2 protein chains.
Amino acid sequence: AIAYLYNGTWSNYIATQKPTKFDARTLADLDERTKREKGIDENSPMRLRMEKFIREQQKEIVFELEKVDGKSFREDTWTREKGGGGVSCVLQEGNVFEKAGVNISVVYGTLPKPAISKMRVHHKNIAEEDEVDFYALGLSMVLHPYNPMAPTVHLNYRYFETMRPDGTPQAWWFGGGSDLTPSYLFDEDAVHFHKTLKDACDKHNKDYYPKFKKWCDEYFSNTHRGESRGVGGIFFDDLDETVADADNSFAFIQDCLKSFLPSYLPIIQRRKDMPFTEKEKEWQQVRRGRYVEFNLVHDRGTAFGLNVPGSRVESILMSLPLTASWRYMYEPEPRSREQRLVEVLKNPKEWV
Amino acid sequence: AIAYLYNGTWSNYIATQKPTKFDARTLADLDERTKREKGIDENSPMRLRMEKFIREQQKEIVFELEKVDGKSFREDTWTREKGGGGVSCVLQEGNVFEKAGVNISVVYGTLPKPAISKMRVHHKNIAEEDEVDFYALGLSMVLHPYNPMAPTVHLNYRYFETMRPDGTPQAWWFGGGSDLTPSYLFDEDAVHFHKTLKDACDKHNKDYYPKFKKWCDEYFSNTHRGESRGVGGIFFDDLDETVADADNSFAFIQDCLKSFLPSYLPIIQRRKDMPFTEKEKEWQQVRRGRYVEFNLVHDRGTAFGLNVPGSRVESILMSLPLTASWRYMYEPEPRSREQRLVEVLKNPKEWV
C-alpha cells in the first residue's frame, strides 16, 4: 500500500512528455513555484499542506530520536526526474537503535489503466481514462532498538491525489497507521501505545480506533505462521470524503502523527538500558526474522516496489533490521515469556 | 516451482473423500502396498523409482556432509494426512555449516481447476476437468557454510505426475537444478561447479547445459537489485515426453543429482578452513540478506507455499540462512573483491 511513497516506482509508467498538456511534471513545477513564491498556508492545496507537515514532523522526530540515541542520523536527499523526491534519514549502529529509518517521499506521476481500475473500486470519482496523473507523499519510519526488551515500532502516514486533465484535484485520500513489535511483551507498553493512539482517534471519531485497530491486526499478519507481526496499533486506508472532509481528515492525520513521540518515547526510555541475556538477544533475532518475513512476503507496498524496476531499493528496504536469524524448529519453552508473546501474537488482544 | 514438494500445500484443495472413487489417497495406499509387498525395480511406476532414488541420495549426501562437518544432522520425518510425507535433515551450527538442510517430500493430492489451467499451458495432455489427482516428489537442499570464502549451494530435483480418474498416469515431467552462491568469488570454483554440471548434461543432450544454464541465470535473479543471486548452475522445468522419454529423463536426473557431491565437495574442502577477517564475514552477512530477499520475494515455490495455509513452514524456510544482515547503502570499495563479485552478478558469465 505504501510503495509509491518510497520510490520512483511509477516513473516507468509515465508517458512521454507532451509539453502542451497539463501533466504531473507541470504540476510539480507549479507546486515548486507556489512554495517558492507564496509559501504554504491553510488555503494552499492539501498536498502542499501535507508535505509541509510531514517535513516538519520528520525533523522533529529525528531530533528527538537523536536525543534518545546520542548519535546522529545520516540524511540522504534525492529527487525524481519526473517530479518529487525524498529525504531518507538513517541511524545505523547507534547506541540505542541498531537501525532506525525515517523517510519522506513525494511522487508526481501517471497511473496506468490497471492501477486506475483497482483504485476505482474504492474511489468512484476517478475517471475511467487511459492514464491519470497523480500525486502521492508520505512519511515512513521503522525503529529497531538493540535491547531485546525494547520493541520495534513502525509508522506510516500518506496522502494520495489524482488530477483531472486540467490539473485540478479529482480524488484524494489519506492512509496510514502505527504499530508496535516487541520481542518481549510488557503489557504496560502495549497498553500505553494503544491508549495514546486511541486518544488521538477518539478526538475525531469514536469509531476510528476499534475499526483501525482491527484493520491493523488483520493487515500485519504473518498468515503463513498464523501469528501477527506484533501487538498492533492502528492501520487504515482510503480515508476520503465518504468518511470526512479533507480538512477534518488532515486534522486527524496530524493528531495521529503527533501522537507518535508520546506513544513511543516513554517505552524506549524504560527499556533501552534493561539487562538481558545472550539467549534473550537470540530470541530477538528470531523475531527479527519474522519481521523480515512479513515485510518481504506479505507487505503489499514492499513487494510492489521491489518488483518494479527503477525504485530506490535502499529506501524501501530501510525497514529491514540490521540483523535477523532463522533457527530451524525454534520453539519457546512452555510457560516462558517467549511462549506468552507467541500466544498473544496468535490471538490479538484488546489493550484498551 | 517447488512448493508442492516441500509441504502439505495442496491438502487444502483436496476434495471430501469419496471412497468409491479412485483418488490420490487410494493411490497413496496402493503405492504403499506395492513398496511393502513387491519392492521397487525398473518395471515399477516412475514415481516409485524416483522416490527410491531420492531417498538413497538423501542418505548418501547427508553421510558425506557429516564427514565434512564432523557433526550430525537432525532428522525429522513427517506424514501427510492425505498421503505422502517427508524427511527433513538439518544440521545447524555445525563445524563447517552454519545451516544445512537436505529435505525430501512426497505429496499425493488433488489439483484445483486454476492450477490445472496453468499446467495445461505446458502439458496439453492434462484433461480439462474440475479436479485432477497428482503426485509430486522431490529432494531439496541448501547449504550455508560459516566461512565467507566457502559458497552457499542450492539443489532441487523433482518429479510430477497427474492421474486419470482410473489412477493411470496422464502427464508427467521432471524439473530441477543446482546453483552456487559465493560471497567471495573464486573463478576456479565456479568453473569446476559448472564443468561438473555440463558433463552430466552433455552425456544426455548437448543442448541441455547451455539452455539450462541460461534458464538458471534468468530464474535466480534479484530483479529489484539488477543482480543474480549467485554464479548460477542449471535450472529446468517441464522435462516431459516432448523432450525425452521417461526412462531417459530419469537417467538424466540421476546423473545430475549424482554429480552434486563431485561438484561441491572439492570446493568446500578448499574453502572451509581459509582465514578470513571480520569485515569479510560482514560482507557474507550482507550477501545472505540478498539470499533471503530472493527466496522470500522472488522464488515462486516459497511464496506459493507460504501463502497457502497448512504448509510445513519450517521445511520451506529451511533454505534461509541462520543469520543475515541489511546495511543501508552498503557499497563495496572500487576494485575490491566484493566489487568484482557484484559485477559478475550483474553480468552473468560463461564459465565453461
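Residues numbered from 1 in each chain as written. Chains lettered and ligands numbered in written order. Predicted model: local features only at pLDDT ≥ 70, side-chain atom pairs only at ≥ 80, totals over all residues. Heavy atoms only, no water.

Student: Quick question: what am I supposed to make of the packing of helix α3 (residues 46-69) of chain B against helix α7 (residues 246-258) of chain B here?
Tutor: The angle between the axes and the distance between the axes are what describe a pair of packed helices. All names here are of chain B. In the contact formed by α3 and α7, the axes pass within 11 Å of each other and the chain directions differ by 5 degrees. It follows that α3 is roughly parallel to α7 by the angle criterion. Where α3 approaches α7, its residues Met46, Arg49, Met50, Phe53, Ile54, Gln57 and Ile61 are matched on the opposing element by Ala246, Asp247, Phe250, Ile253, Gln254, Leu257 and Lys258. Its residues placed into classes, the contact of α3 with α7 shows nine nonpolar, two polar and three charged. (Axes fitted to C-alpha atoms, helices over the stretch in contact; angles between N-to-C directions. Helix = DSSP H or I, 4+ residues; strand = E, 2+ residues; numbered from the N terminus. Parallel < 35°, antiparallel > 145°, perpendicular 65-115°, else oblique. Contact = heavy atoms within 4.5 Å. Nonpolar A, V, L, I, M, F, W, Y, C, P; charged D, E, K, R; others polar.)

Student: What is the right way to look at the sheet that holds strand β9 (residues 232-239) of chain B in this model?
Tutor: Two strands in a sheet stick together by hydrogen bonds in their backbones, pointing the same way (parallel) or opposite ways (antiparallel). All names here are of chain B. With antiparallel pairing, the seven strands of this open sheet are ordered in space as β1-β2-β3-β4-β5-β6-β9. Edge positions in the sheet fall to β1 (74-79) and β9, since each of these pairs with one other strand and no more. Between one strand axis and the next, the sheet turns through 10 degrees on average, direction left out of account. Looking at chain direction, β1 and strand β2 (residues 84-92) are connected through six bridges and run antiparallel. Bridge assignment links Asp76 to a residue of β2, and that residue is Ser88. In the packing of helix α6 (residues 208-219) onto the sheet, the strands contacted are β6 (169-181) and β9, and the crossing angle to β9 comes to about 100 degrees. Packed onto the sheet, helix α9 (residues 278-298) meets β3 (97-112), β4 (131-145), β5 (152-163) and β6 and runs at close to 170 degrees relative to β4. (Pairing = 2+ DSSP bridges.)

Student: Where do I start with the pattern of salt bridges in this structure?
Tutor: Where side chains of opposite charge bring their charged atoms close, a pairing between them can arise. Residues and elements named next belong to chain A. Within the structure shown, the criterion is met by 66 salt bridges over all chains. Residues Asp31 and Arg47 are paired through a salt bridge, measuring 2.6 Å at the closest nitrogen-oxygen approach. In this pair, Asp31 is assigned in helix α2 (residues 24-37) and Arg47 in helix α3 (residues 46-69), connecting sequence segments 16 residues apart. Its relative accessible area of 2% is what places Asp31 among the buried residues. For Arg47, a relative accessible area of 5% translates into the label buried. Arg271 serves as the salt-bridge partner of Asp189, at 2.8 Å between the closest nitrogen and oxygen. Here the residue Asp189 occupies a position in helix α5 (residues 187-202), and Arg271 occupies one in helix α8 (residues 260-271), the gap between them amounting to 82 residues. Here the salt bridges share partners, and the residues they tie into one network are Glu32, Lys35, Glu51 and Arg55. (Salt bridge = Lys/Arg side-chain N within 4 Å of Asp/Glu carboxyl O. Buried < 20%, exposed > 50% of the residue type's maximum accessible area, 1.4 Å probe, protein only.)

Student: Looking at this model, I keep getting lost on the packing of aromatic side chains. Mind explaining?
Tutor: Aromatic ring pairs are reported here in terms of the distance separating the ring centres and the angle at which the planes meet. Following the criterion strictly, the structure yields 44 aromatic pairs over all chains and no others. Between B:Phe53 and B:Phe250, the ring centres sit 6.0 Å apart and the planes meet at 90 degrees, which makes this aromatic pair edge-to-face. Placement of B:Phe53 in helix α3 and of B:Phe250 in helix α7 is noted, with a sequence separation of 197 residues between them. The exposure class of B:Phe250 is buried, given its relative accessible area of 5%. Aromatic ring contacts, followed pair by pair, group A:Tyr157, A:Tyr208, A:Phe212, A:Trp215, A:Tyr219, A:Phe220, A:Phe235, A:Phe236, A:Phe252 and A:Phe294 into a single cluster. Directly above the aromatic system of B:Tyr135 lies the positively charged group of B:Arg47, at a separation of 6.0 Å from the ring centroid. Over the ring of B:Phe186 we find B:Arg271; its NZ or CZ atom is 3.7 Å from the centre of that ring. (Phe/Tyr/Trp six-rings, centres within 6.5 Å; stacked < 30°, edge-to-face > 60°. Lys NZ or Arg CZ within 6 Å of the ring centre and 35° of its normal.)

Student: Looking at this model, I keep getting lost on the interface of chain A and chain B. Mind explaining?
Tutor: Often, the extent of an interface is quoted as the loss of accessible area on bringing the components together. Each partner contributes residues to the interface: chain A has 30 residues there, and chain B has 30 residues. Of the roughly 3,100 Å² buried at the junction of chain A and chain B (both faces included), carbon and sulfur atoms supply 55%. Broken down residue by residue, the surface that chain A buries against chain B is led by A:Glu314, A:Trp326 and A:Tyr328, which jointly contribute 27%. Connecting chain A to chain B are four salt bridges. As a salt-bridge pair, B:Arg225 and A:Glu314 come within 3.0 Å of each other at their nearest N and O atoms. At the junction of chain A and chain B, the tally comes to 19 residue pairs in polar contact (both at pLDDT 80 or more). Of all the secondary-structure elements, those providing two or more residues to the side of chain A that touches chain B are β1 (74-79), β2 (84-92), α9 (278-298), α10 (300-307), α11 (313-316) and β10 (323-325) of chain A. In terms of residue count, α9(A) provides more of the side of chain A that touches chain B than any other element does, five residues in total. Looking at the side of chain A that touches chain B residue by residue, the classes come out as 14 nonpolar, seven polar and nine charged. (Buried area = accessible area lost by both parts, 1.4 Å probe. Polar contact = N/O pair within 3.5 Å; in protein donor to acceptor, adjacent residues only side chain to side chain.)

Student: For this particular structure, what's the right way to read the environment of B:Phe134?
Tutor: Of note, B:Phe134 is situated in strand β4. Counting along the chain gives 26 residues from B:Phe134 to B:Tyr108, while the straight-line C-alpha distance between them is 6.0 Å.

Student: How do you make sense of the relation of the copies chain A and chain B when you look at a structure like this?
Tutor: Think of it as a corkscrew move, a rotation about one axis and a shift along it, taking one chain copy to the other. Rotating chain A by 180 degrees about the axis while translating it 0.0 Å along that axis superimposes it on chain B, leaving an RMSD of 0.0 Å. Considering both components of the superposition, the chain copies are consistent with a two-fold axis. The share of interface residues of chain A whose copies in chain B are also at the interface is 100%, consistent with both copies meeting through the same surface. (Least-squares fit on C-alpha atoms with pLDDT ≥ 70 in both.)

Student: Quick question: what am I supposed to make of α7(B) here?
Tutor: Each turn of an α-helix holds 3.6 residues, which means side chains three or four residues apart point in the same direction. Residues and elements named next belong to chain B. Taking 1.5 Å per residue as the helical rise, α7 with its 13 residues ought to reach 18 Å, and the 18 Å between its terminal C-alpha atoms agrees with that figure. Of the residues making up α7, those classed as buried are Ser249, Phe250, Phe252, Ile253, Asp255, Cys256 and Leu257. At the N-terminal end of α7, a side-chain oxygen is found 3.2 Å from the backbone nitrogen of Asp247, two or three residues along, and the residue is Asp245. (Expected span 1.5 Å × (residues − 1).)

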